[in-house]
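Fold and contact review
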Amino acid sequence: MGPYVTDAKPLRADARRNRDALIAKARELFADGCFNLRFDDFAKLAGVGTGTLYRHFPTREALAEAVYREELTAMCDRAHELQATLPADEALETFLRGFVDHLHCHEGLARTLATLLATQSGALAEGAQALGQVIDDLLAAAVKTGTIRGDVGAGTIMMALHGICAAYDHPTYRTDADGVITLVLAGLRRTEA
């Protein structure tokens, strides 16, 4: 189960399929760099009616937030999987490097995250909380093993990740993003006094 709790009534099967089709098409289009489509075109490309689009997602931002929520849920699930299968410090490093890999392969997600950061959307607040919690869990486990310092919180790492998201269109994005993660990890490792 994902990190979000909702009071919304469950959708009928056909409504759920339509909603899923819209999210899948939006994810695909964002990944392909198609950001300037007319909003109504998402419905046509997903094979649903315009009314269906607006019923599920009244604005482009609402659709982007839905894509973001699903992507973030997958990232959080990945963090839990890593924590269950790797030593704590490796799980943390693998998650952070995987986050950068994922953003690099899905520029649309980085662009969406940067937009949501700029607008301070409600989805961002929920997503940031869920992501912060999994990072906090990964950090706490690594601190217990003695490999990671205990005086750095998830907020510090979140700020670095937000900076990485905001710089998605920089020409040396990937190299610089990897460098930020390398610095973060080096700063987290315990050094013998």
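Residues numbered from 1 in each chain as written. Predicted model: local features only at pLDDT ≥ 70, side-chain atom pairs only at ≥ 80, totals over all residues. Heavy atoms only, no water.

Re the side chain of T52
Among the structural elements, T52 can be located in helix 3 (residues 50-56). Its relative accessible area of 12% is what places T52 among the buried residues. Those residues in contact with T52, other than ones at most four positions away along the chain, are N18 and L22. (Helix = DSSP H or I, 4+ residues; strand = E, 2+ residues; numbered from the N terminus. Buried < 20%, exposed > 50% of the residue type's maximum accessible area, 1.4 Å probe, protein only. Contact = heavy atoms within 4.5 Å.)

Re the packing of aromatic side chains
Counted under the stated rule, the structure contains 2 aromatic pairs. Residues F39 and Y54 carry aromatic rings whose centres are separated by 5.3 Å and whose planes lie at 85° to one another, so their mutual orientation is edge-to-face. Here F39, found in helix 2 (residues 39-46), pairs with Y54, found in helix 3; they are 15 residues apart in sequence, far enough to count as distant. The exposure class assigned to Y54 is partly exposed, which follows from its relative accessible area of 37%. (Phe/Tyr/Trp six-rings, centres within 6.5 Å; stacked < 30°, edge-to-face > 60°.)

Comments concerning the pattern of salt bridges
Taken as a whole and assessed by the stated rule, the structure comprises 12 salt bridges. Put simply, D20 and R16 hold a salt bridge, and the shortest N to O gap is 3.5 Å. You can see D20 and its partner R16 sitting in helix 1 (residues 13-31), 4 residues apart, about one turn around the helix. Residue classification places D20 among the partly exposed residues on the basis of a relative accessible area of 30%. The exposure class assigned to R16 is partly exposed, which follows from its relative accessible area of 39%. Among the ionic pairs, R149 bridges to D151, the shortest N-O distance being 2.8 Å. Judged by relative accessible area, which is 30%, R149 ranks as partly exposed. Accessibility expressed as a relative area gives 59% for D151, which makes it exposed. Three or more residues joined by partner-sharing salt bridges are found here, namely R27, E70 and E71. (Salt bridge = Lys/Arg side-chain N within 4 Å of Asp/Glu carboxyl O.)

Some thoughts on the packing of helix 4 (residues 60-85) against helix 5 (residues 88-105)
Here helix 4 crosses helix 5 at 155°, and the two axes come no closer than 9 Å. Considering their axes alone, helix 4 and helix 5 lie roughly antiparallel with respect to each other. Both helix 4 and helix 5 take part in a crossing whose hand is right-handed. Contact residues: E71, M75, R78, A79, L82 and Q83 in helix 4; A91, T94, F95, F99 and H102 in helix 5. Its residues placed into classes, the contact of helix 4 with helix 5 shows 6 nonpolar, 3 polar and 2 charged. (Axes fitted to C-alpha atoms, helices over the stretch in contact; angles between N-to-C directions. Parallel < 35°, antiparallel > 145°, perpendicular 65-115°, else oblique. Left-handed = near helix turned anticlockwise from the far one by under 90°. Nonpolar A, V, L, I, M, F, W, Y, C, P; charged D, E, K, R; others polar.)

Examining helix 1
Under the 1.5 Å per step criterion, the end-to-end length of helix 1 is 27 Å for 19 residues, consistent within 8% with the ideal 27 Å. Taken together, the buried positions of helix 1 are occupied by A15, R19, L22, I23, K25, A26, L29 and F30. Angularly, the buried residues of helix 1 cover 165° about the axis, an arc narrow enough to put them on a single face. Facing away from the buried side of helix 1 by more than 90 degrees, the exposed set consists of A13 and R17. (Expected span 1.5 Å × (residues − 1). Arc of directions from axis to C-beta.)

Thoughts on helix 9 (residues 173-188)
For helix 9, spanning 16 residues, the distance from its first C-alpha to its last is 22 Å, which sits close to the expected 22 Å at 1.5 Å a residue. By the burial criterion, the buried members of helix 9 are Y173, A177, I181, V184, L185 and L188. Projected onto a plane normal to the axis of helix 9, the buried residues spread over an arc of 100° and lie on a single side. Away from its buried face, by an angle of more than 90 degrees, helix 9 presents the exposed residues T175 and L183.

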